[in-house]
Amino acid sequence: MARIRSCGYCGKLHRTNEICDKKPKRRESYGEDVKKQMTFYSTSKWQKLRELVKCDNNYMCQICKEIGGISYADAVHHIVPINENWELKDDIDNLIPVCDFHHSEIHKRNINNKEKLKKFINELKNKK
């Protein structure tokens, strides 16, 4: 006898062996740009560059530092995303070490250039 469960996709009840029609289809093929980006992020060149950027900034989130806080840099963010300008992928001036919180805020707000980043930092400073 099959069990019944509540579906997280449609909210209805389904047998456990059924697949809901509302479940998103898995993306089997990515575009060439996405494949290129995923490949870049797995290279030793990127890993070394990322570590260098963190080390040069004492492993501190530069946004937290700017607003008077201290936080570990969990990520190194491309200020201008590599899908917008591939040539800047390993430009050290296009990289900033950030904590997970600020990294997600940058992406939520679609901050994709230095001017927007400066404006974001100034907004954070003014809130204090």
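Shown above is the structure to which this text applies.
Residues numbered from 1 in each chain as written. Predicted model: local features only at pLDDT ≥ 70, side-chain atom pairs only at ≥ 80, totals over all residues. Heavy atoms only, no water.

1. As for the pairing of strand β3 (residues 75-78)
The alternating pattern of β3 places A75 and H77 on one face and V76 and H78 on the opposite face, and all of these are buried. Bridge count for β3 against strand β4 (residues 95-98) is four bridges, and the pairing is antiparallel. Bridge pairing in β4 links V76 to P97. (Buried < 20%, exposed > 50% of the residue type's maximum accessible area, 1.4 Å probe, protein only. Helix = DSSP H or I, 4+ residues; strand = E, 2+ residues; numbered from the N terminus. Pairing = 2+ DSSP bridges.)

2. Examining the state of the cysteines
Covalently bonding the sulfur atom of one cysteine to the sulfur atom of another cysteine gives a disulfide. All chains considered together, the criterion is met by zero disulfides. We note that C55 lacks a disulfide partner, and the nearest cysteine sulfur, in C61, lies 17 Å from it. Judged by its relative accessible area of 41%, C55 is partly exposed. (Disulfide = S-S within 2.5 Å.)

3. Concerning unusual backbone geometry
For Y59, which is not glycine, the phi torsion reads 55 degrees and is therefore positive. With respect to the helices, strands and loops of the structure, Y59 is situated in the loop between α2 (44-56) and α3 (62-66). A relative accessible area of 30% means that Y59 is categorised as partly exposed. The phi dihedral of N110 is positive, around 55 degrees, even though this residue is not glycine. Among the structural elements, N110 can be located in the loop between α4 (100-108) and α5 (114-127).

4. Overview of the pattern of salt bridges
Throughout the structure, instances matching the rule amount to six salt bridges. Ionic pairing is found between E105 and R109, a salt bridge with its closest N-O pair at 3.2 Å. Residue E123 pairs with R109 through a salt bridge whose shortest N-O separation is 3.4 Å. Note that E123 is positioned in helix α5 and R109 in the loop between α4 and α5, a separation of 14 residues in sequence. (Salt bridge = Lys/Arg side-chain N within 4 Å of Asp/Glu carboxyl O.)

5. Focus: α4
Taken together, the buried positions of α4 are occupied by H102, E105 and I106. In a view along the axis of α4, the buried residues occupy a sector of 100 degrees, so they form one face of it. What points out from α4, more than 90 degrees from its buried face, is the exposed set H107 and K108. The inward-facing, buried residues of α4 abut α3, β3, β4 and α5. N110 occupies a position one or two residues after α4 and carries a positive phi of about 55 degrees. (Arc of directions from axis to C-beta. Contact = heavy atoms within 4.5 Å.)

6. Overview of the packing of aromatic side chains
Counted according to the given criterion, the structure contains five aromatic pairs. Note on F40 and W86: the rings are 5.9 Å apart at their centroids and 70 degrees apart in plane angle, and the pair reads as edge-to-face. Linking F40 in helix α1 (residues 32-41) with W86 in the loop between β3 and β4, this pair joins segments that are 46 residues apart in sequence. For W86, a relative accessible area of 23% puts it in the partly exposed group. (Phe/Tyr/Trp six-rings, centres within 6.5 Å; stacked < 30°, edge-to-face > 60°.)

7. Looking at the nonpolar core
Counting residues in hydrophobic clusters, the biggest one holds 15 residues, and the most contacted among them are C61, I63, I96, V98, I106, L117 and F120. Residue assignment for this core shows that the elements contributing at least two residues are α3, β4 and α5. The residues touching L117, leaving out its near neighbours within four places in the chain, are I63, I79, I96, I106 and I111. Listed in part, the seven residues of the second largest apolar core include L49, V53, V76 and L95. (Core = buried A, V, L, I, M, F, W, Y, C linked by side-chain atoms within 4.5 Å.)

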